[in-house]
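The primary structure of each chain is shown beneath.
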Amino acid sequence: MTKRTVVITGAAAGIGRATALRFARDGYVVGGFDIDATGLAVLADEIRANGGQAHTGVLDVTDADQWRARLADFAEVAGGRLDVLVNNAGVLSSGPFEQTPIGAHRAMVDVNVAGVVNGCAAGFEYLAPTPGSVLVNLCSASAIYGQPELATYGATKFAIRGLTEALELEWRRHDIRVLAIWPLFVRTAMTDDMDTGSVGSLGIRLTADDVAETIARAVTRRPRLLPKVHYPVGRQTRAMMLGSRFSPGWLAREINRRISHT
Ligand SMILES: NC(=O)c1ccc[n+]([C@@H]2O[C@H](COP(=O)([O-])OP(=O)(O)OC[C@H]3O[C@@H](n4cnc5c(N)ncnc54)[C@H](O)[C@@H]3O)[C@@H](O)[C@H]2O)c1
């Protein structure tokens, strides 16, 4: 296989779909996986109609066995080559913590954390032998400071931040670049019925294409002496990340209290 390959989870909609289309345009063989078979079929048709190569399959990221099986299927198409793995699938429930059903809290932990851990574990076998491979994890601006009404969701993204930072160091010896993408609110199904204080203060200004563009640029960025690990998406997120680095803890807390109207 001479063509570069990418595997994307949650590829049937939103950021995953935009990322799949973006990589297909750049000439990658796209492996798109999701629990939504209908959305995947639409994606595959669109990629092929534009002359691209797509392989799709149903994958629940919380299931480690399914991960191994789907990646083995994709390896047959891709000749074992995996240049980029994008751990994108995610779920979100917002609102007061105590009014959110425990099943919804647990689903966020299962999909957003265990799903990514499964992906890293299953993907290693293919990323390691592929020279210059990249692992991309979808983090979020909600991992800058704990977010009221998004407590568990934000906590899962803090976990992704930690996982990414650790693997970025650990997998250098395998020549796998590991990075995290940090969008603030993005206009997708995930934010459709979101009505938190922070959405009211900050608005929803990003599109799925904005995030796909940041992912594509991050992946193709030339390696530097000090590799970049965290990639904010958009001006608002960049300003918030920079601000949090230099402001004392009490100020970050006060700013977040005001933004979230708590
Ligand atoms: N939308 C935002 O504001 C925003 C902001 C920051 C980070 N993110 C992150 O970006 C990623 C994508 O979000 P989005 O806005 O595109 O969401 P979305 O709801 O539009 O799409 C998510 C996709 O993931 C799929 N999915 C859900 N559970 C799955 C599972 N168990 N296995 C496989 N696929 C599953 C869904 O079917 C859907 O196609 C998520 O990790 C999210 O946390 C989103």
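Because the structure is a prediction, the values reported are computed rather than measured.

So, the overall build of the chain
So, step 1. A count of helical and extended segments in the chain gives nine helices and seven strands.
So, step 2. By the compact-globule yardstick of 18 Å for 262 residues, the chain fits well, its C-alpha radius of gyration being 18 Å.
So, step 3. Seen along its three principal axes, the alpha-carbon backbone of the chain occupies a region of about 55 × 45 × 30 Å.
So, step 4. Of all 262 residues assigned to the chain, the portion counted as buried reaches 49%.
So, step 5. Put simply, of all contacts in the chain between residues at least 6 apart along the chain, 70% involve residues at least 24 apart.
So, step 6. When the accessible surface of the chain is split by element, carbon and sulfur atoms take 54% of a total near 12,500 Å².
So, step 7. A distance of 10 Å separates the average location of the 28 positive side-chain charges in the chain from that of its 26 negative side-chain charges.

Topic: the site of the ligand
So, step 1. Neighbouring the ligand are 28 residues; Asp-34, Asn-88, Tyr-153, Val-186 and Thr-188 lie closest to it.
So, step 2. Within the side chain of Tyr-153, a nitrogen or oxygen atom sits 2.6 Å from an oxygen atom of the ligand.
So, step 3. With respect to the ligand, the side chain of Lys-157 contributes an N or O atom lying 3.0 Å from an oxygen atom.
So, step 4. Here the ligand has 830 Å² of accessible area as a free molecule, and 92% of this is covered by the chains.
So, step 5. Taking a 2 Å distance to the grid points as the criterion, the majority of the atoms of the ligand fall inside the largest pocket.

Side note on the layout of surface pockets
So, step 1. Of the voids in this model, the largest pocket is the one considered here, and its volume is about 820 Å³.
So, step 2. Lining the largest pocket are 43 residues, and of these Asn-88, Ala-89, Gly-90, Val-91 and Met-190 sit closest to its centre.
So, step 3. Counting residues per element, the ones that place at least two in the lining of the largest pocket are helix 1 (14-25), strand 2 (29-34), helix 5 (151-170) and helix 9 (249-259).
So, step 4. Along the lines of polarity and charge, the residues of the lining of the largest pocket split into 26 nonpolar, 13 polar and four charged.

Topic: the packing of helix 1 against helix 7 (residues 208-220)
So, step 1. Look at helix 1 against helix 7: their axes get within 8 Å of each other, and the N-to-C directions meet at 50°. Classified by the interaxial angle, the pair formed by helix 1 and helix 7 is oblique. Handedness of the helix 1/helix 7 crossing: right-handed. Residue-level inspection shows Gly-14, Ile-15, Ala-18, Thr-19, Arg-22 and Phe-23 of helix 1 in contact with helix 7, the latter providing Ala-208, Asp-209, Val-211, Ala-212, Glu-213, Ile-215, Ala-216 and Val-219.
So, step 2. Class assignment of the residues belonging to the contact of helix 1 with helix 7 gives a composition of nine nonpolar, two polar and three charged.

A short note on the pattern of salt bridges
So, step 1. Here the structure, examined in full by the defined rule, presents eleven salt bridges.
So, step 2. With its nearest N and O atoms 3.2 Å apart, the salt bridge here joins Arg-172 to Glu-168.
So, step 3. In this structure Glu-168 comes out as buried when scored by relative accessible area, which is 8%.
So, step 4. The residue Glu-254 makes a salt bridge to Arg-258 at a minimum N-O spacing of 3.1 Å.

Quick notes on the pairing of strand 6 (residues 176-183)
So, step 1. Among the eight residues in strand 6, eight count as buried, and that is most of the element.
So, step 2. Side chains Ile-176, Val-178, Ala-180 and Trp-182 project from strand 6 onto one buried face, and the interleaved Arg-177, Leu-179, Ile-181 and Pro-183 project onto a second face that is buried too.
So, step 3. By the bridge criterion, six bridges tie strand 5 (residues 133-138) to strand 6 in an arrangement that is parallel. Bridge pairing links Val-134 to Arg-177 in strand 6.

As for the nonpolar core
So, step 1. Formed by 76 residues in total, the largest nonpolar core has its most connected members in Leu-135, Val-136, Ile-181 and Ile-215.
So, step 2. Apart from residues no more than four positions distant in its own chain, Leu-135 is found in contact with Leu-85, Asn-87, Cys-120, Leu-127, Leu-167, Trp-171, Ile-176, Arg-177, Val-178 and Leu-179.

Here's the deal with the sheet that holds strand 4 (residues 84-87)
So, step 1. The seven strands are arranged 3-2-1-4-5-6-7 in an open sheet whose pairing can be described as parallel. Pairing within the sheet leaves two strands with one partner each, and these edge strands are strand 3 (53-58) and strand 7 (230-233). Strand-to-strand twist in this sheet, taken as the mean axis angle between neighbours without regard to direction, amounts to 15°.
So, step 2. With five bridges joining them, strand 1 (residues 5-9) and strand 2 adopt parallel strand pairing. Pairing of Val-6 across the sheet is with Val-30, part of strand 2.
So, step 3. Set on the sheet, helix 2 (residues 37-49) makes contact with strand 2 and strand 3; between it and strand 3 the angle comes to about 175°.

Reading the values: the criteria
Residues numbered from 1 in each chain as written. Predicted model: local features only at pLDDT ≥ 70, side-chain atom pairs only at ≥ 80, totals over all residues. Heavy atoms only, no water. Helix = DSSP H or I, 4+ residues; strand = E, 2+ residues; numbered from the N terminus. Rg over C-alpha atoms; globule rule 2.2 N^0.38 Å. Buried < 20%, exposed > 50% of the residue type's maximum accessible area, 1.4 Å probe, protein only. Contact = heavy atoms within 4.5 Å. Areas by Shrake-Rupley, 256 points an atom, 1.4 Å probe, with all protein chains shown as cover. Lys, Arg positive; Asp, Glu negative; His and termini not counted. Charge placed at Lys NZ, Arg CZ, Asp CG, Glu CD. Near = heavy atom within 4 Å. Polar contact = N/O pair within 3.5 Å; in protein donor to acceptor, adjacent residues only side chain to side chain. 1 Å grid on protein atoms, 1.4 Å probe; cavity = no way out; pocket = protein on both sides within 12 Å on 5 of 7 lines; lining within 4 Å. Sits in = over half its atoms within 2 Å of the grid points. Points joined across faces, edges and corners; volume = space filled by probe spheres on them. Nonpolar A, V, L, I, M, F, W, Y, C, P; charged D, E, K, R; others polar. Axes fitted to C-alpha atoms, helices over the stretch in contact; angles between N-to-C directions. Parallel < 35°, antiparallel > 145°, perpendicular 65-115°, else oblique. Left-handed = near helix turned anticlockwise from the far one by under 90°. Salt bridge = Lys/Arg side-chain N within 4 Å of Asp/Glu carboxyl O. Pairing = 2+ DSSP bridges. Core = buried A, V, L, I, M, F, W, Y, C linked by side-chain atoms within 4.5 Å.

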